[in-house]
Amino acid sequence: MQEILVIIAIVASLAYAAWWVYERIRKSDDPCEGCTGCQLKELKDRAKECEKRKKSCCCTKK
């Protein structure tokens, strides 16, 4: 029984590691990935939201 639990834990950790690497590779073209935030990232996020919503009100300066 212990061996089965160890195998499950190892498989789960390998799956998580593979997912983590995949996400980092997928987002590697984003220079702000992993950044806690700055004005440039806030502007970029706001522009992304504007594209999603297609409203002009969110694109105006506050």
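What counts and what doesn't
Residues numbered from 1 in each chain as written. Predicted model: local features only at pLDDT ≥ 70, side-chain atom pairs only at ≥ 80, totals over all residues. Heavy atoms only, no water. Helix = DSSP H or I, 4+ residues; strand = E, 2+ residues; numbered from the N terminus. Buried < 20%, exposed > 50% of the residue type's maximum accessible area, 1.4 Å probe, protein only. Areas by Shrake-Rupley, 256 points an atom, 1.4 Å probe, with all protein chains shown as cover. Salt bridge = Lys/Arg side-chain N within 4 Å of Asp/Glu carboxyl O. Patch = residues over 30% accessible without salt bridge, like charges linked within 9 Å, V, L, I, M, F, W, Y side chains within 5 Å.

### Notes on the overall build of the protein chain
Line of reasoning, step 1. Broken down by element type, the protein chain carries two helices and zero strands.
Line of reasoning, step 2. The burial tally for the protein chain puts 6% of its 62 residues in the buried class.
Line of reasoning, step 3. Looking at the protein chain as shown, the accessible area adds up to about 5,900 Å², and 62% of this sits on carbon and sulfur atoms.

### Description of the pattern of salt bridges
Line of reasoning, step 1. Within the structure shown, the criterion is met by one salt bridge.
Line of reasoning, step 2. Arg26 is paired through a salt bridge with Glu23; the nearest N and O atoms lie 2.9 Å apart. Here Arg26 and its partner Glu23 are both found in helix 1 (residues 2-26), three residues apart, which amounts to about one turn of the helix.

### Quick look at a nonpolar patch on the surface
Line of reasoning, step 1. A cluster of nonpolar side chains, Tyr16, Trp19, Trp20, Val21, Tyr22 and Ile25, forms an exposed patch at the surface whose accessible area comes to about 700 Å².
Line of reasoning, step 2. Positionally, Tyr22 belongs in helix 1.

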